[in-house]
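Listed below, chain by chain, are the residues.
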Amino acid sequence: METRDLLYEGKAKKVFATDDPQLVLVSYKDDATAFNGEKKGTILGKGAINNRVTNHLMRLLEKQGVPTHYVRELSPTDTLVRRVTIVPLEVIVRNVAAGSLSKRLGLAEGTPMKKTVLEFCYKDDALGDPMVNEYHIAAMEWATPAELETICRYSLTVNRVLGEYLQDLNIQLIDFKLEFGKTDAGELVLADEISPDTCRFWDTVTHEKLDKDRFRRDMGGVEDAYQEIMKRLLGE
Ligand code: TMP
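Remember, it's a predicted structure, so these values are computed and weren't measured experimentally.

(A) Quick look at the overall build of the protein chain. Of the regular secondary structure elements, the protein chain holds six helices and 14 strands. Relative to the 2.2 N^0.38 estimate, which gives 18 Å for 236 residues, the radius of gyration of the protein chain is 17 Å and therefore close to what a compact globule would have. Principal axes of the C-alpha set define a box for the protein chain whose edges measure 50 × 45 × 35 Å. Counted over contacts in the protein chain with a minimum sequence separation of 6, partners at least 24 positions apart contribute 56%. Of the roughly 11600 Å² that the protein chain leaves accessible, carbon and sulfur atoms contribute 51%. Averaging the positions of the 32 positive and the 39 negative side-chain charges in the protein chain gives two centres separated by 3 Å.

Structure representation (structure tokens):
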């Protein structure tokens, strides 16, 4: 597929037009940022790992009834996806307290939540992605109540499917962030990525962090953690 114009460049990916108006090409970068872009760096090999891990998980989710934007992997770093309009929300799913939830509620990291917690943040870098609730979402028309209900249902299915899948690989799914998009036909689909950049993965036995927290917190062993996830999920 011949690529055309760069449509958008984000912190971790570029999006290019293709000769099919319904499809775009996503190209994953090794660039890493944290704290709303304040901290910058490179994680060698991250682009390829996040691309392949995301596609692997999206294929699994499709089989389990969650529609996604995934179409076809084109190269280690590039994937063809359906063109969607992104719902301007980050959906965060939490099974165990960590990160900003631990700070906000004064919970020790690693405290299991008695019920899965869903949070929404409005995607706006200038505002620092503020947390919002269903009333803000309806009032601002970021999603209709029916769309939000579908988003919540899919998010909980993703949590169940990925949680069970990862458990068998000795990975505990602590929390993660999802984004959804709408096709021209109005279908809501899972979009963006599912990777060590957007999930907290802990080794079930040692509780070692196998995700971007190693970069955010200057813990070292960042590349090794990404490689380990790739190895456990894709066997290489
Ligand atoms: P948090 O504890 O910092 O709110 O993060 C919750 C989860 O969401 C964690 O798995 C990391 C992911 N996340 C992103 O993917 N992008 C972001 O911009 C932020 C803040 C978190």
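Next comes the rest of the account.
(B) Representation of the packing of helix 1 (residues 46-63) against helix 4 (residues 145-167) within the structure. Contact geometry of helix 1 with helix 4 gives a least axis separation of 10 Å together with a crossing angle of 115°. At the point where helix 1 passes helix 4, the crossing takes the right-handed sense. Taken together, the residues of helix 4 that come into contact with helix 1 (itself represented by His56, Leu57, Leu60 and Leu61) are Val158, Val161, Leu162 and Tyr165. Taken together, the residues of the contact of helix 1 with helix 4 sort by class into seven nonpolar, one polar and no charged.

(C) Quick look at the site of the ligand. Around the ligand, 14 residues are found, and the nearest of them are Arg94, Ser100, Asp175, Lys177 and Arg200. A distance of 2.5 Å separates an oxygen atom of the ligand from a polar side-chain atom of aspartate 175. The separation between an oxygen atom of the ligand and a polar side-chain atom of arginine 200 is 2.9 Å. Coverage of the ligand by the protein amounts to 76% of the 450 Å² it exposes when considered alone. Within the residue set of the shell around the ligand, elements represented by two or more residues are strand 9 (89-96), helix 2 (99-105), strand 12 (171-182) and strand 14 (199-203). Counted by class, the shell around the ligand contains four nonpolar, three polar and seven charged residues.

(D) Focus on the packing of helix 1 against helix 6 (residues 222-234). Two elements in contact, helix 1 and helix 6, have axes separated by 10 Å at closest approach and are oriented at 30°. Classified by the interaxial angle, the pair formed by helix 1 and helix 6 is roughly parallel. Taken as a pair, helix 1 and helix 6 cross one another with a handedness that is left-handed. Seen from helix 1, the contacting residues are Lys46, Ile49, Asn50, Arg52, Val53, His56 and Leu57; seen from helix 6, they are Tyr226, Gln227, Ile229, Met230, Leu233 and Leu234. Its residues assigned to classes, the contact of helix 1 with helix 6 shows eight nonpolar, three polar and two charged.

(E) Geometry of the nonpolar core. By size, the foremost hydrophobic cluster in this structure holds 46 residues, and its most contacted members are Leu190 and Ile194. It is helix 4 that provides the largest number of residues to this core, a total of eight residues. If near-sequence neighbours (up to four positions away) are discounted, isoleucine 194 is found in contact with Val53, Thr54, Leu57, Met58, Leu61, Leu162, Leu178 and Cys199. Core analysis: the next-biggest nonpolar cluster, separate from the first, contains five residues, Val15, Val24, Val26 and Val81 among them.

Conventions used here
- Residues numbered from 1 in each chain as written.
- Predicted model: local features only at pLDDT ≥ 70, side-chain atom pairs only at ≥ 80, totals over all residues.
- Heavy atoms only, no water.
- Helix = DSSP H or I, 4+ residues; strand = E, 2+ residues; numbered from the N terminus.
- Rg over C-alpha atoms; globule rule 2.2 N^0.38 Å.
- Contact = heavy atoms within 4.5 Å.
- Areas by Shrake-Rupley, 256 points an atom, 1.4 Å probe, with all protein chains shown as cover.
- Lys, Arg positive; Asp, Glu negative; His and termini not counted.
- Charge placed at Lys NZ, Arg CZ, Asp CG, Glu CD.
- Axes fitted to C-alpha atoms, helices over the stretch in contact; angles between N-to-C directions.
- Left-handed = near helix turned anticlockwise from the far one by under 90°.
- Nonpolar A, V, L, I, M, F, W, Y, C, P; charged D, E, K, R; others polar.
- Near = heavy atom within 4 Å.
- Polar contact = N/O pair within 3.5 Å; in protein donor to acceptor, adjacent residues only side chain to side chain.
- Parallel < 35°, antiparallel > 145°, perpendicular 65-115°, else oblique.
- Core = buried A, V, L, I, M, F, W, Y, C linked by side-chain atoms within 4.5 Å.
- Buried < 20%, exposed > 50% of the residue type's maximum accessible area, 1.4 Å probe, protein only.

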